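# Analysis of the macromolecular model
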Amino acid sequence: MFSLKKNIAIVLTLILALTLILQGCSSSNASGNEELKTIRLDYAYYSPASLILKYNGWAEEEFEKEGVKVEWTLSQGSNKALEFLTSNSIDFGSAAGAATLITKTKDVPIKNIYITSTPEWTALLTKDASIQSVEDLKGKKVAATYGTDPYIFLLRALNEAGLSEKDIQFVNLQHQDGYQALLKGDVDAWAGLDPIMATAELKSGAKIFYRNIDFNTYNFLNVRKEFAEKHPEAVEKVIQLYEKARAWILEHPDEAAEIIAKEAQIDLDIAKKQLERTKFDTYIPSDEQKEALHAAGDILQKAGVIDQKADLTKHIDELIDPSFAKKVSK
C-alpha cells in the first residue's frame, strides 16, 4: 500500500514537472524565442535598398550564421507586397505608407518598423498635348494601380482640383500595364511609379504634367505582427541590414545606380533618374509619417476607399512602431 502511494506520488510529481517544462516552452515561444528556420523578404524595383540588399547577399550572409534560410519574393507593387503579407507569403514587405494604411484599416496585423526611403516616386504623366493640368483630366481615361501610392496620389490631385474619381474614367492596371496603355494611347494619362515613370520620361516622350512631392508617402518596410512578436531579434537584424544598404547607397550612388539598373533590367540613366528623386535621410518611423498618413487617409475615406467609420488615429497608432528602429540606431 505504501509502495503504491509512493509510486502515485512519483508519477504525479513527474506530470507536474513535465507540465511546468511545457509551460516554460510556451512562455519562451511567446516571448520571442521560437526557433526561426526561414525568413521571407520581398524586393521591389521601387525600393532601391531592397535591391542593394538582395544583390549583395548580405541577408544570406548574416542569417546563415544561425542556420536560417533566406527567401526572396518580387513585389510588383505595394498592392502585391501587402497581399503577400496578408496571406502570410512573406514576413517583410516594402510598400507605400498610404497603401499600407488601407490594408491596416482592414484589421490586417502588420506593423511599419522602418522607412526605407522618402521617394518622389509618383506623378501624373501624359502624351496628350491637350492635357496640361489635373483639371484637363475630366472625362479622360486615367490608369493607375488601385490601392498603391500612384492611385492615392491621383485621388489627392483630383481632390485638390475640385474633382473626384467619378469625374474621370479610371482604369485599374498594374504599373507596367498602365505604362504600356499610355504608350498605345489606350489611356489619356497615367499615375506612374519609378523606375517605370523615369522610363516613360526618358524613353517614350511622356511628360509629367502634375507633380507634388507632399502627396508621395514614404516607402514603409512592414512586418507581420506575429513574426515581430515571435522573432524580435530577427526584426532588428533585418533593420540593421537595411541600414547597411541605406548607408551604402549614400556612399556609393553611382555603383548603386548600376546595381539597380541590373536588378530592375533598366538603363543606367533611368536608374540614376530614380535615385535623383529618392531621399534616404529618414529611417525611424515617427509623427511625420503619422501626419502624412492622416492626410492621405482623409482623402481615402472621402473617396470611399477606406470605411468612413474607420478610426484612422487608432489604426495609424497601431501601425507605426518605431521601437525596433530606435533600438538599432543606438
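The structure we're discussing is the one just above.
Residues numbered from 1 in each chain as written. Predicted model: local features only at pLDDT ≥ 70, side-chain atom pairs only at ≥ 80, totals over all residues. Heavy atoms only, no water.

### A word on the overall build of the chain
Note the threshold: Helix and strand definitions follow DSSP, with helices as H or I runs of at least four residues and strands as E runs of at least two, each counted in order from the N terminus. Note on classification: 1.4 Å probe, protein chains only; a residue is buried when its accessible area is under 20% of the maximum for its type, exposed when over 50%, partly exposed between these limits. Residue contacts are counted whenever heavy atoms from the two residues lie within 4.5 Å of one another. With residues, only the protein chains shown are counted as cover, and all accessible areas are computed by Shrake-Rupley using a 1.4 Å probe.
The number of helices and strands found in the chain is 15 helices and 11 strands. Here the chain holds 330 residues, and the buried ones make up 52% of them. Contacts in the chain between residues at least 24 apart in sequence constitute 78% of all its contacts with a sequence separation of at least 6. Of the roughly 15500 Å² that the chain leaves accessible, carbon and sulfur atoms contribute 49%.

### Some points on helix α12 (residues 268-276)
Counted only if it meets this: Arc definition: it is the arc formed by the directions from the helix axis to the C-beta atoms.
Along α12, the residues classified as buried are I270, A271, Q274 and L275. When α12 is viewed along its axis, its buried side chains cluster within an angular range of 140° and face the same direction. Where α12 is buried, its residues touch α2 (48-56), α8 (196-203), α10 (232-251), α11 (253-264) and β11 (278-279).

### Thoughts on a negative patch on the surface
As a reminder of what qualifies: Residues forming no salt bridge and having over 30% relative accessible area are the ones grouped into patches, like charges within 9 Å of each other and nonpolar side chains (Val, Leu, Ile, Met, Phe, Trp, Tyr) within 5 Å. When a carboxyl oxygen of Asp or Glu lies within 4 Å of a side-chain nitrogen of Lys or Arg, that pair is called a salt bridge. Lys and Arg are tallied as positive, Asp and Glu as negative. Neither His nor the chain termini are counted. We put the charge of a Lys on NZ, of an Arg on CZ, of an Asp on CG and of a Glu on CD.
Residues D281, D287, E288 and E291 make up a contiguous surface patch of negative charge. Along the chain, the position of D287 falls in helix α13 (residues 287-302).

### What to know about the packing of α2 against α10
Applicable threshold: To get an axis, fit a line to the C-alpha atoms, keeping to the stretch in contact for a helix; angles then go from 0 to 180 degrees between the N-to-C directions. What sets the label is the angle itself: under 35 degrees gives roughly parallel, over 145 gives roughly antiparallel, 65 to 115 gives roughly perpendicular, and the rest give oblique. Note on residue classes: Ala, Val, Leu, Ile, Met, Phe, Trp, Tyr, Cys and Pro are nonpolar, Asp, Glu, Lys and Arg are charged, and everything else, Gly too, is polar.
Packing of α2 against α10 leaves a shortest axis separation of 9 Å and a crossing angle of 105°. In this view, α2 runs roughly perpendicular relative to α10, as classed from their interaxial angle. Across the interface between the two elements, P48, A49, S50, I52 and L53 from α2 touch L241, Y242, A245, W248 and I249 from α10. For the contact of α2 with α10, the residue count by class is 9 nonpolar, 1 polar and no charged.

### With respect to helix α6 (residues 149-160)
Keep this limit in mind: Expected helix span is given by 1.5 Å per residue-to-residue step, counting one fewer step than there are residues.
Taking 1.5 Å of rise per residue, 12 residues should cover 16 Å, and α6 covers 16 Å from first to last C-alpha, within 8% of that figure. Taken across its 12 residues, α6 has 10 buried, putting it largely inside the fold. Within α6, the full set of buried residues consists of D149, P150, Y151, I152, F153, L154, L155, R156, A157 and L158. Following α6 by one or two positions, G162 has its phi on the positive side, about 80°.

### Structural notes on the nonpolar core
Generally speaking, a soluble globular protein has its nonpolar side chains buried in company with each other. How we decide: For the purposes of this section, nonpolar cores are sets of buried Ala, Val, Leu, Ile, Met, Phe, Trp, Tyr and Cys residues that join through side-chain atoms within 4.5 Å.
The biggest cluster of nonpolar side chains holds 51 residues, and the ones touching the most others in it are L124, L137, L154 and Y210. The biggest single contributor to this core is α6, with 7 residues. Core analysis: the next-biggest nonpolar cluster, separate from the first, contains 45 residues, L221, V223, A234 and V235 among them.

### Some words on the sheet that holds strand β9 (residues 207-210)
As a reminder of what qualifies: Strand pairing requires that DSSP identify at least two bridges connecting the strands.
Taken together, 5 strands build an open sheet; the order of strands is β7-β6-β8-β5-β9 and the sheet is mixed. Two strands close off the open sheet at either side, each with one partner strand: β7 (169-172) and β9. The sheet shows a mean angle of 35° between the axes of neighbouring strands, direction not considered.

### What about unusual backbone geometry?
Note: most residues except glycine have negative phi, and most peptide bonds are trans. Of the consecutive residues D194 and P195, the connecting peptide bond is found in the cis state with omega at 5°. Position of P195 among the secondary structure elements: in the loop between β8 (189-191) and α8. If you check the backbone angles, N88 has positive phi at about 60° while not being a glycine. Counting through the fold element by element, N88 comes out in the loop between α4 (78-86) and β3 (92-96). Using a relative accessible area of 37% as the deciding quantity, one classes N88 as partly exposed. Although it is not a glycine, Q265 sits at a positive phi angle of roughly 55°. On the accessibility criterion, Q265 (72% relative accessible area) is exposed.

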